[in-house]
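Chain by chain, the residues:
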Amino acid sequence: MKKGYLVLADGQVFQGFRFGGEADALGELVFTTGMCGYVETLTDPSYAGQIVLQTYPLIGNYGIIPEDFEGDCHVKGYVVRERCGRPSNFRCQGDLEGFLRERNIPGLYGVDTRQLTRIIRESGVMNAIICDEVPADLSALRSYAVTGVVNAVTRKAPCVYGAQGETRFRVSLLDYGAKNNIIQELRKRGCAVTVFPADAPAETILGSKADGVMLSNGPGDPAENVFQIEQIKKLLGKVPLFGICLGHQLTALAAGGSTYKLKYGHRGVNQPVRDLSGPRTYITSQNHGYAVDGDSVKIGRVSFANANDGTCEGMDYPGLRAFTVQFHPEARGGPRDTAFLFDRFITLMEGGEL
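Keep in mind it's a predicted model, so treat the numbers as computed, not measured.

Caption draft 1: Focus on the overall build of the protein. When its secondary structure is counted, the protein shows ten helices and 19 strands. Across its three principal directions, the C-alpha atoms of the protein cover 60 × 45 × 40 Å. Within the protein, buried positions represent 57% of all 354 residues. Taking as baseline every contact in the protein between residues at least 6 positions apart, the subset at least 24 positions apart corresponds to 74%. Summed over all atoms, the accessible surface of the protein reaches about 14300 Å², with 47% contributed by carbon and sulfur. Computing the positive centroid from 37 side-chain charges and the negative centroid from 39, the protein places the two 1 Å apart.

And the structure:
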């Protein structure tokens with residue numbers, strides 16, 4: 001049991017015990033509230049540049065299951081109250097300690113995660129460092145910013161995934177940090193999916209003659225992705241389009257809207273979202289630190305709103321055959337209430353209306 005420290009940008013220090021990688025880690029400290037799904041959390045590219053704090057106290061009890069990976073692991077560090085060293089599950093193929101050690105990602109356990117969560121909720125997300133010794137100078141910690149992460153996590157070359165069964169449609173997926181289950185949800189609905197890197201120009205996407213375009217989730221500040229926003233402007237109205245998470249934010253920016261940073265974001269599997277076209281409220285999985293200002297998007301209409309804080313959770317663009325959502329309808333390790341949105345995308349590709 002080797003002591004370690006979590007040092008916050010405001011100078012507060014939390015002592016715990018090191019596990020996983022031996023390196024120090026500097027990142028933006030965020031919390032996620034899921035009681036399960038830590039495998040999907042660790043492999044979600046949307047956490048790039050961040051130290052992830054789990055509010056649920058026991059993590060690692062069912063081990064590591066590669067079949068459930070959503071992508072590569074891009075978290076900077078991992079903080080838990082209690083880590084399980086002896087996992088038990090018939091699908092288990094490794095433990096949390098080994099997973100982090102293989103990737104040199106430092107973890108810290110034995111810290112008061114409830115108090116840390118309170119601090120983030122009151123003060124907002126802040127930078128932190130996992131280290132062996134408390135640094136005397138916190139200037140580097142305070143100046144850290146999550147930048148360039150979309151280019152860091154995207155695929156470097158196009159790749160093709162065949163449909164499950166008969167091919168009904170061809171979909172081009174722009175990978176800003178795409179989760180694997182987006183691809184699977186499309187494939188099982190008869191879509192052959194070509195995944196393009198985030199820097200693919202609109203001309204290449206349109207030249208693929210796809211029946212529809214998916215814009216994926218991803219990390220970081222959406223406004224930083226100037227090139228991607230310009231490409232979406234060229235795609236809007238040309239082909240049916242469905243955006244998720246970062247794809248939702250980038251589409252709003254391409255449509256002339258604006259985004260802003262939330263105080264501590266929405267990260268977990270229990271976010272209630274109201275459907276503004278009817279009486280339904282859905283429980284959703286979410287992972288984002290920025291939100292769309294719905295009122296700023298003049299050519300679209302807000303379709304979903306967060307039942308807790310009223311933030312924009314979805315936009316429809318009827319004249320452009322496009323719609324986007326902030327939450328994750330493809331969620332694994334979370335509720336599947338909104339998987340029907342993939343069927344809505346299919347309907348658009350069939351020639352239907354929003």
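Caption draft 2: Seen up close, helix 8 (residues 226-235). Turning to helix 8, its buried residues number three or more, namely Gln228, Ile229, Gln231, Ile232 and Leu235. Summarising the axial view, the buried residues of helix 8 lie within an arc of 160°, below the 170-degree limit, and thus occupy one face. Next to the buried residues of helix 8 lie helix 5 (149-153), strand 11 (169-175), helix 7 (202-207), strand 13 (212-215), strand 14 (241-244) and helix 9 (246-254). Just downstream of helix 8, Gly237 is the residue with a positive phi angle, here 90°.

Caption draft 3: Molecular detail of the sheet that holds strand 19 (residues 322-325). Taken together, the ten strands give an open sheet; going across it, the order is 10-12-11-13-14-19-18-17-15-16, and neighbouring strands pair in mixed fashion. One side of each edge strand has no neighbouring strand; the edge strands of this open sheet are strand 10 (159-161) and strand 16 (281-292). Between one strand axis and the next, the sheet turns through 25° on average, direction left out of account. Each of strand 10, strand 11, strand 12 (191-197), strand 13 and strand 14 touches helix 6 (residues 180-187); the most contacted strand, strand 12, lies at about 150° to it.

Caption draft 4: Summary view of the environment of Phe227. Here Phe227 is to be found in helix 8. The class of Phe227 is partly exposed, set by a relative accessible area of 37%. For the pair Phe227 and Pro201, spaced 26 residues apart in sequence, the C-alpha to C-alpha distance is 8.6 Å. When neighbours within four sequence positions are excluded, Phe227 is seen to be in contact with Ala198, Asp199, Ala200 and Pro201.

Caption draft 5: Representation of unusual backbone geometry in the model. Non-glycine residue Asn104 carries a positive phi angle of around 55°. With respect to the element layout, Asn104 can be found in the loop between helix 2 (96-102) and strand 8 (106-109). Phi at Arg321 is positive, roughly 55°, even though this residue is not glycine. Structurally, the position occupied by Arg321 is in the loop between strand 18 (312-317) and strand 19.

Parameters and conventions
- Residues numbered from 1 in each chain as written.
- Predicted model: local features only at pLDDT ≥ 70, side-chain atom pairs only at ≥ 80, totals over all residues.
- Heavy atoms only, no water.
- Helix = DSSP H or I, 4+ residues; strand = E, 2+ residues; numbered from the N terminus.
- Buried < 20%, exposed > 50% of the residue type's maximum accessible area, 1.4 Å probe, protein only.
- Contact = heavy atoms within 4.5 Å.
- Areas by Shrake-Rupley, 256 points an atom, 1.4 Å probe, with all protein chains shown as cover.
- Lys, Arg positive; Asp, Glu negative; His and termini not counted.
- Charge placed at Lys NZ, Arg CZ, Asp CG, Glu CD.
- Arc of directions from axis to C-beta.
- Pairing = 2+ DSSP bridges.
- Axes fitted to C-alpha atoms, helices over the stretch in contact; angles between N-to-C directions.

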